[in-house]
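A closer look at the structure
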Amino acid sequence: MKVAAALLALCGSAAAFAPAQQAARVGTSLAALEDMPGGTAPWKNWDPLGLATLGSDSTLAWFRAAELKHSRVAMLATTGYLVQAAGWHFPGMLSSSENISFEQLSQMKPLDAWTAVPDTGEKHGQLFLGLG
């Protein structure tokens, strides 16, 4: 059993050094951009930097998916900012060791509240969001 596992591992590591297939680089046609749903007036499929012509159709699909993801994160961040600015807050303590409650943070301006969060809380938030 150990020998079989070692042989499989050896074969798998050898494949890592095999030459990769080179795919032909094909640009996206502007006709494909015109046919994509989601364009609205007054500038249907507005692309001032010409990013739609980079790469292939899958690259354009990746760009569109990334745009959707980032816009959703921006909307969520705006909602969180507005909720904080309205004074709504979670009940309880944010940090019992430093005696900071969510209610204390809700009485501050949003950016001041962020600076009042302990360093461990900031690092936890950044790690959760993938920024750290």
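Before any of the text, the structure's been laid out above.
Analysis parameters
- Residues numbered from 1 in each chain as written.
- Predicted model: local features only at pLDDT ≥ 70, side-chain atom pairs only at ≥ 80, totals over all residues.
- Heavy atoms only, no water.
- Helix = DSSP H or I, 4+ residues; strand = E, 2+ residues; numbered from the N terminus.
- Buried < 20%, exposed > 50% of the residue type's maximum accessible area, 1.4 Å probe, protein only.
- Areas by Shrake-Rupley, 256 points an atom, 1.4 Å probe, with all protein chains shown as cover.
- Phe/Tyr/Trp six-rings, centres within 6.5 Å; stacked < 30°, edge-to-face > 60°.
- Patch = residues over 30% accessible without salt bridge, like charges linked within 9 Å, V, L, I, M, F, W, Y side chains within 5 Å.
- Salt bridge = Lys/Arg side-chain N within 4 Å of Asp/Glu carboxyl O.
- Contact = heavy atoms within 4.5 Å.
- Lys, Arg positive; Asp, Glu negative; His and termini not counted.

For the protein, the helix and strand inventory stands at six helices and two strands. Counting helices and strands in the order they occur from the N terminus, the protein gives α-α-α-β-β-α-α-α. By the burial criterion, 14% of the 132 residues in the protein qualify as buried. Here the protein displays about 11000 Å² of accessible surface, and carbon together with sulfur accounts for 66% of that area.

The backbone of Asn99 shows a phi angle near 55°, a positive value even though the residue is not glycine. Relative accessible area serves as the criterion here: at 54%, Asn99 is assigned to the exposed category.

All right, on to the packing of aromatic side chains then. A complete count under the given rule lists two aromatic pairs for this structure. Seen in terms of ring centroids, Phe90 and Phe102 are 5.5 Å apart; in terms of plane orientation they differ by 70°. Their pairing is edge-to-face. Placement of the pair is Phe90 in the loop between α3 (57–86) and β1 (93–95) and Phe102 in helix α4 (residues 102–106), with a sequence separation of 12 residues. Residue class for Phe90 comes out exposed when judged on its relative accessible area of 60%. We classify Phe102 as partly exposed; its relative accessible area is 24%.

Right, let's talk about a nonpolar patch on the surface for a bit. Taken together, the side chains of Leu49, Leu51 and Leu54 present a nonpolar region at the surface, about 300 Å² in accessible area. For Leu49, the location among the structural elements is in the loop between α2 (30–35) and α3. Overall, the relative accessible area of 71% leaves Leu49 in the exposed class.

In this section: the side chain of Ser101. By the secondary structure assignment, Ser101 is in strand β2 (residues 100–101). Residue classification places Ser101 among the buried residues on the basis of a relative accessible area of 12%. Excluding anything up to four places from it in sequence, Ser101 contacts Gly92, Met93 and Leu94.

The next point concerns the side chain of Glu122. Residue placement: Glu122 occurs in helix α6 (residues 119–129). Lys123 is the oppositely charged side chain nearest to the buried, salt-bridge-free Glu122, at an N-O distance of 6.0 Å. Setting aside residues no more than four positions away along its own chain, Glu122 makes contact with Trp114, Thr115 and Val117.

Treat this as a map of the structure, not an account of what it does.
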